[in-house]
Amino acid sequence: MAVVLVTGGAGYVGSHACKALARAGHTPVCVDNLRTGWRDLAAFGPFEQVDLMDAGALENVFGKYKPDAVMHFAALSLVGESVARPDLYHRVNITGSLNLLDAMRAHGVAPIVFSSTCAIYGEAGDEDLTEDRPMAPESPYGASKLAVERILSDYEAAFGLRCAALRYFNVAGADPEAEIGERHDPETHLIPITIEVALGERENLSVFGKDYPTPDGTCVRDYVHVADLIDAHILALDKLMAGESGIRVNIGAGRGYSVAEVAEAVARVSGKPVATVDAPRRAGDPPRLVADHSRATAVLGWTPTRSALDVIIEDALRWRVSPRFAA
Ligand code: UDP
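In what follows, the accompanying structure is described. The structure presented is a predicted model; accordingly, all values stated were derived computationally and were not measured.

**Some words on the site of the ligand**
- By nearness alone, 15 residues border the ligand, and Asn170, Leu190, Ser206, Arg282 and Asp285 come closest of all.
- Contact between the ligand and Asn170: an oxygen atom at 2.9 Å from a side-chain N or O atom of the residue.
- The side chain of Arg221 places a nitrogen or oxygen atom 3.4 Å from an oxygen atom of the ligand.
- Contact with the protein chains hides 90% of the accessible area of the ligand, taken as 520 Å² for the molecule alone.
- No other element matches strand S8 (residues 205–208), which puts four residues into the shell around the ligand.
- The residue inventory of the shell around the ligand, partitioned by class, reads eight nonpolar, four polar and three charged.

What follows is the structure in structure tokens.
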């Protein structure tokens, strides 16, 4: 059983990783600056409030816990915001990762599972994305994640780091036990916003662009359940602990839904109407991002089991109305 340092462990995806690691018998050490994370979601092991920009404090955490491996979730992750603030996105995402990698080197820690993104690929037309597609990020967010992937490859070659970069598509849903889930302030993501409209907490959903080259004109995304995504992390960690490296895989459900289809699905699952209004395109959004996840299946033995859109929405809704959401 391993001690796993989890950066961003008080955030949405990181908290689900900590829960799964603890359940698998590992010790997750949650490191989070609580800028967008939540202390109550960090409930599955030791907690350290540390910012990755603070190399000295990070170094102390490595000395204190002596981790065997790292899962690296901490990052700024909003595509739209990154277009307005490339300075912040590059500085935080790249420098924070460099500080982390240098602490790993100093303490002889080799395995790292890194949260990458399909936003490193950019425009793909009608094709599902495979990992060997040319990298062409359309947003500073995607560019910052691609820069970290390149740094990871260089550290693998030079320093014996062993990395799995998991290229997430659109993560959604919540812990099926509704103990933890997604909580953003302000909320910007499609499924939670649409659920708030169905619950009467928001007047309507702004549909960002209806003139995309997609069947109904709205953007198509591949929504993957956070529980499936975390399964991929645990499988990747096992591979790295067994000595493998150089894992670069897409983690998406392999099926795309448009913004309009998501609005319909939330209305269907909740039994409540979802009012929509047309809004301009959001900067940095490619028309269609859908995964070909066959490499993840071949390399990790991963297949999604909870990523049907209605199951994602049911779990997200259960969390959203639970008392824990408002805690
Ligand atoms: N979207 C939208 N209205 C909203 C929020 C999102 O139309 O209020 C669209 C957005 O343009 C994108 C899709 O929903 O095409 C998913 O966006 P989200 O922010 O959930 O995830 P991202 O793709 O940015 O990771």
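**Side note on the packing of helix H6 (residues 190–198) against helix H8 (residues 259–270)**
- Between H6 and H8, the shortest axis-to-axis distance is 10 Å and the interhelical angle comes to 45°. Classified by the interaxial angle, the pair formed by H6 and H8 is oblique. For the element pair H6 and H8, the recorded crossing hand is right-handed. Mapping the contact onto sequence places Leu190, Ile191, Thr194, Ile195 and Ala198 in H6 and Val259, Val262, Ala263, Val266 and Ser270 in H8.

**Some remarks on the packing of helix H2 (residues 55–65) against helix H4 (residues 86–106)**
- Where H2 contacts H4, the two axes come as close as 10 Å, and the packing angle between them is 40°. In this view, H2 runs oblique relative to H4, as classed from their interaxial angle. Helix-helix and strand crossings are classified by hand; for H2 and H4 the assignment is right-handed. The segment H2 lies against H4, with Ala55, Leu58, Glu59 and Phe62 engaging Asn99, Leu100, Ala103, Met104 and Ala106.
- Broken down by class, the residue content of the contact of H2 with H4 amounts to seven nonpolar, one polar and one charged.

**A few points about the pairing of strand S6 (residues 162–168)**
- Counted residue by residue, S6 has six buried out of seven residues, so it is predominantly covered.
- Both strand S5 (residues 111–117) and S6 contribute to a ladder of seven bridges, which runs parallel. Within S6, the residue paired with Ile112 across the bridge is Cys163.
- Each parallel crossover has a hand, and the one from S5 via helix H5 (residues 140–159) to S6 is right-handed.
- Direction of pairing for S6 relative to strand S11 (residues 247–251): parallel, over a ladder of five bridges. Its bridge partner being in S11, Leu166 is matched across the sheet by Val249.

**Comments concerning the nonpolar core**
- With 41 residues, the main nonpolar core has Val13, Met71, Leu166, Val171, Ile251 and Leu300 as its most contacted residues.
- Among the secondary structure elements, those contributing two or more residues to this core are strand S1 (3–7), helix H1 (12–23), strand S4 (69–72), S6, helix H7 (226–241), S11 and helix H9 (294–300).
- A total of eight residues in this core trace back to one element, the largest contributor, which is H7.
- Setting aside anything within four residues of it in sequence, one finds Ile251 in contact with Leu166, Arg167, Tyr168, Phe169, Val224, Leu229, Ala232, Ala296, Leu300 and Trp302.
- Ranked by size, the runner-up nonpolar core spans 25 residues in total, among them Leu5, Leu101, Ile112 and Ala165.

**Brief notes about the packing of aromatic side chains**
- In this structure the tally under the stated criterion is two aromatic pairs.
- Here Trp319 and Phe325 contribute two aromatic rings whose centre-to-centre distance is 5.8 Å and whose plane-to-plane angle is 85°, an arrangement assigned as edge-to-face.
- Given a relative accessible area of 2%, Trp319 falls into the buried group.
- When the ring centre of Phe159 is taken as reference, the NZ or CZ atom of Arg105 above it lies at 3.6 Å.
- The aromatic ring of Tyr212 is capped on one face by Arg281, whose charged end is 4.0 Å from the ring centroid.

About the thresholds
Residues numbered from 1 in each chain as written. Predicted model: local features only at pLDDT ≥ 70, side-chain atom pairs only at ≥ 80, totals over all residues. Heavy atoms only, no water. Near = heavy atom within 4 Å. Polar contact = N/O pair within 3.5 Å; in protein donor to acceptor, adjacent residues only side chain to side chain. Areas by Shrake-Rupley, 256 points an atom, 1.4 Å probe, with all protein chains shown as cover. Helix = DSSP H or I, 4+ residues; strand = E, 2+ residues; numbered from the N terminus. Nonpolar A, V, L, I, M, F, W, Y, C, P; charged D, E, K, R; others polar. Axes fitted to C-alpha atoms, helices over the stretch in contact; angles between N-to-C directions. Parallel < 35°, antiparallel > 145°, perpendicular 65-115°, else oblique. Left-handed = near helix turned anticlockwise from the far one by under 90°. Contact = heavy atoms within 4.5 Å. Buried < 20%, exposed > 50% of the residue type's maximum accessible area, 1.4 Å probe, protein only. Pairing = 2+ DSSP bridges. Right-handed = clockwise from strand over helix to strand, strands pointing away. Core = buried A, V, L, I, M, F, W, Y, C linked by side-chain atoms within 4.5 Å. Phe/Tyr/Trp six-rings, centres within 6.5 Å; stacked < 30°, edge-to-face > 60°. Lys NZ or Arg CZ within 6 Å of the ring centre and 35° of its normal.

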